[in-house]
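Architecture and fold: a report
If you want the building blocks of each chain, they are given just below.
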Amino acid sequence: MTTESTTKTYRVRNSERCYRFKPEAFINHGPARVGVYELVTFDENQKPVILFVGAAFDETIQASLEGHATGTRAPAAEELFARHPNLYFDYIERWDAKSKDDAQDIFWWLVQKHRPPYNDLATVRPSGRYAEINVIEED
C-alpha cells in the first residue's frame, strides 16, 4: 500500500465513564454501532488498566461485548474474570474516522499506546496509508 501523506492525526473521545462488564450494561450502555472499545480493570490506586482493545468493525460494540460474555469472542469473560474480578468496558464515543481504514488506524494506535495483555500485538496493523499516526484524546 502506498502512503498518502506522512502523518495523519485523528481526534477521539472516550465514553464518559467505564461501565461494569455485565449483560444489562451491554444493553443499556453498549453502543449498537460499530467502533472501538476497551476492556478495563483498575489497579490498587484505582488507576485504569486497559486489558484489551477491541475492534467491532463487522458487528456492533454491543454484540462484541456479548460475544466476550458468552465466550464466542476472545478473550472470553470467564478467562478475564478469573484474573480480573472487577471488569469494566468503555468505548470510543466520538471520533473523526470517516472510513474503516481510519477506524483501523485508531484501533492500531490504541493498541500500541496501551499494549494490552490480551491483544496480540504482532497481528494488529494500521491501514498502511500513513507513515505516522497520531491520536488526540479529548476530554
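Below, the structure is looked at part by part. (Residues numbered from 1 in each chain as written. Predicted model: local features only at pLDDT ≥ 70, side-chain atom pairs only at ≥ 80, totals over all residues. Heavy atoms only, no water.)

1. Topic: the side chain of Q62
Within the secondary structure, Q62 is located in helix α2 (residues 61–70). Among the polar contacts made by the side chain of Q62, one reaches the main-chain carbonyl oxygen of G30 at a distance of 3.2 Å. Setting aside its immediate chain neighbours within four residues, Q62 contacts F26, I27, G30 and P31. (Helix = DSSP H or I, 4+ residues; strand = E, 2+ residues; numbered from the N terminus. Polar contact = N/O pair within 3.5 Å; in protein donor to acceptor, adjacent residues only side chain to side chain. Contact = heavy atoms within 4.5 Å.)

2. So, the nonpolar core
Formed by 22 residues in total, the largest nonpolar core has its most connected members in V36, V53, I106, F107 and L110. Mapped by element, the contributors of at least two residues to this core are β1 (5–14), β3 (35–42), β4 (48–56), β5 (88–95), α4 (100–114) and β6 (130–138). The greatest single-element share of this core, amounting to six residues, is contributed by α4. Leaving out residues up to four positions away in the same chain, V36 has contacts with V53, G54, F57, I61, Y91, I92, W95, A103, F107 and L110. (Core = buried A, V, L, I, M, F, W, Y, C linked by side-chain atoms within 4.5 Å. Buried < 20%, exposed > 50% of the residue type's maximum accessible area, 1.4 Å probe, protein only.)

3. Brief notes about unusual backbone geometry
For the peptide bond that leads from A74 to P75, omega is -5 degrees, which places it in the cis range. The residue P75 is located in the loop between α2 and α3 (77–83) in this model. Its identity is not glycine, yet Q46 carries a phi of approximately 65 degrees, on the positive side. Take Q46: it is sitting in the loop between β3 and β4. Here the phi dihedral of R115 falls at roughly 45 degrees; this positive angle occurs in a residue that is not glycine. On the secondary structure map, R115 appears in the loop between α4 and β6.

4. Observations concerning α2
The α-helix advances 3.6 residues per turn, and as a result positions three or four apart in sequence lie on the same side. Among all positions of α2, only I61, Q62, S64, L65, G67 and H68 are buried. Here the buried face of α2 lies against α1 (23–29), β3, β4, α3 and β5. Phi turns positive one or two residues past the end of α2, at G71, with a value near 85 degrees.

5. Describing the pairing of β3
Side-chain positions along a regular strand alternate between the two faces of the sheet. By the criterion of burial, β3 is predominantly enclosed, with seven of the eight residues buried. One ladder, built from eight bridges, connects β3 with β4; its direction is antiparallel. Looking at the pairing, G35 lines up with A56 of β4. As consecutive antiparallel partners, β3 and β4 are separated by five residues, and within that stretch Q46 has a phi angle of approximately 65 degrees, a positive value. The pairing of β3 with β5 spans four bridges and is classified as antiparallel. Along β5, the bridge assignment pairs E38 with D90. (Pairing = 2+ DSSP bridges.)

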